[in-house]
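Secondary and tertiary structure notes
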Amino acid sequence: MERRLISTGSPFEKAAGYSRAVVQGGFVFVAGTTGYDYTTMTLPPTVEEQARNCLKTIAATLREAGTSMAEVVRATYYITEAEDAEKVFPIFGEMFGDIRPAATLLVVAGLLKPEMKIEIEVTAAMPATAAPDALFS
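Summarised in this report is the structure supplied together with it. Note that the structure is a prediction, hence the values are computed from the model and not measured.

1. A few points about the overall build of the chain
Secondary structure assignment for the chain yields three helices and six strands. Here the C-alpha atoms of the chain give a radius of gyration of 16 Å, agreeing with the 14 Å that 2.2 N^0.38 yields for 137 residues. Taking the principal axes of its C-alpha atoms as reference, the chain extends roughly 55 × 35 × 25 Å. Within the chain, buried positions represent 38% of all 137 residues.

Given below as structure tokens:
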């Protein structure tokens, strides 16, 4: 089974020895996505802006992998303040309202840097390349 690694170019990926995403076994696993704008390496101050940046990065990563946000089957959200849940739920609803992946939201003591307010990871399916019946012929 072929394994493909995808990077956003973040310096954290090489330093910490991880990939933004791994494509393997018909799925794309995207992890370690915080609210940075990876083109400018800036982190906005609000959890809402950070959540939108996370989702923008994830969407771009999935496109590079050959799939899309519509194929997300699982999402895990990590926030550092419980009261931020009410701020980000509408953003998740905008993005995933019709997709409705299995999801978990965790409130954690902190992320790598204190200014990081949210981190998101998702698993997405790769689009089918063969008709389902062809798989069993």
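2. Some points on the environment of Glu64
By the secondary structure assignment, Glu64 is in helix 2 (residues 47–65). A sequence separation of 56 residues divides Glu64 from Thr8, and the C-alpha atoms of the two residues are 10.0 Å apart. If we ignore the near neighbours within four places in the chain, the residues touching Glu64 are Arg4, Ile6 and Ser7.

3. Section: helix 2
Across its 19 residues, helix 2 extends 27 Å between first and last C-alpha, which sits within 8% of the 27 Å expected from 1.5 Å per residue. The set of residues buried in helix 2 consists of Val47, Gln50, Ala51, Asn53, Cys54, Leu55, Thr57, Ile58, Ala59, Thr61, Leu62 and Ala65. Of the residues trailing helix 2, Gly66 is marked for its positive phi of about 100°.

4. Some remarks on the packing of aromatic side chains
Each aromatic ring pair is summarised here by two numbers: the centre-to-centre distance and the angle between the ring planes. Taken as a whole and judged by the stated rule, the model has three aromatic pairs. With 6.3 Å between their ring centres and 40° between their planes, Phe27 and Phe29 make a pair best called tilted. Note on Phe27: relative accessible area 33%, which makes it partly exposed.

5. Some points on the pairing of strand 4 (residues 72–79)
In terms of residue burial, strand 4 counts as a mostly covered element, since six of its eight residues are buried. As judged from the seven bridges shared by strand 4 and strand 6 (residues 118–125), these two strands associate in the antiparallel manner. From the neighbouring strand, Ala75 faces strand 6, where its bridge partner is Val122. Summarising the sheet, strand 4 and strand 5 (residues 102–107) pair through six bridges and their orientation is parallel. From the neighbouring strand, Tyr78 faces strand 5, where its bridge partner is Leu106.

6. A word on helix 3 (residues 85–96)
Taking 1.5 Å of rise per residue, the twelve residues of helix 3 would be expected to cover 16 Å, and the 15 Å separating its terminal C-alpha atoms lies within 8% of that figure. Those residues of helix 3 that are buried lie in contact with helix 2, strand 4, strand 5 and strand 6.

7. Let's talk about the packing of helix 2 against helix 3
It is the contact of helix 2 with helix 3, at a shortest axis distance of 9 Å, that shows an interaxial angle of 25°. As judged from the angle between their axes, helix 2 and helix 3 are roughly parallel. Relative to helix 3, helix 2 is oriented so that their crossing is right-handed. Between helix 2 and helix 3, the contacting residues are Val47, Glu48, Ala51, Arg52 and Leu55 on the first element and Lys87, Val88, Ile91, Phe92, Glu94, Met95 and Phe96 on the second. The class makeup of the residues in the contact of helix 2 with helix 3 is eight nonpolar, no polar and four charged.

About the thresholds
Residues numbered from 1 in each chain as written. Predicted model: local features only at pLDDT ≥ 70, side-chain atom pairs only at ≥ 80, totals over all residues. Heavy atoms only, no water. Helix = DSSP H or I, 4+ residues; strand = E, 2+ residues; numbered from the N terminus. Rg over C-alpha atoms; globule rule 2.2 N^0.38 Å. Buried < 20%, exposed > 50% of the residue type's maximum accessible area, 1.4 Å probe, protein only. Contact = heavy atoms within 4.5 Å. Expected span 1.5 Å × (residues − 1). Phe/Tyr/Trp six-rings, centres within 6.5 Å; stacked < 30°, edge-to-face > 60°. Pairing = 2+ DSSP bridges. Axes fitted to C-alpha atoms, helices over the stretch in contact; angles between N-to-C directions. Parallel < 35°, antiparallel > 145°, perpendicular 65-115°, else oblique. Left-handed = near helix turned anticlockwise from the far one by under 90°. Nonpolar A, V, L, I, M, F, W, Y, C, P; charged D, E, K, R; others polar.

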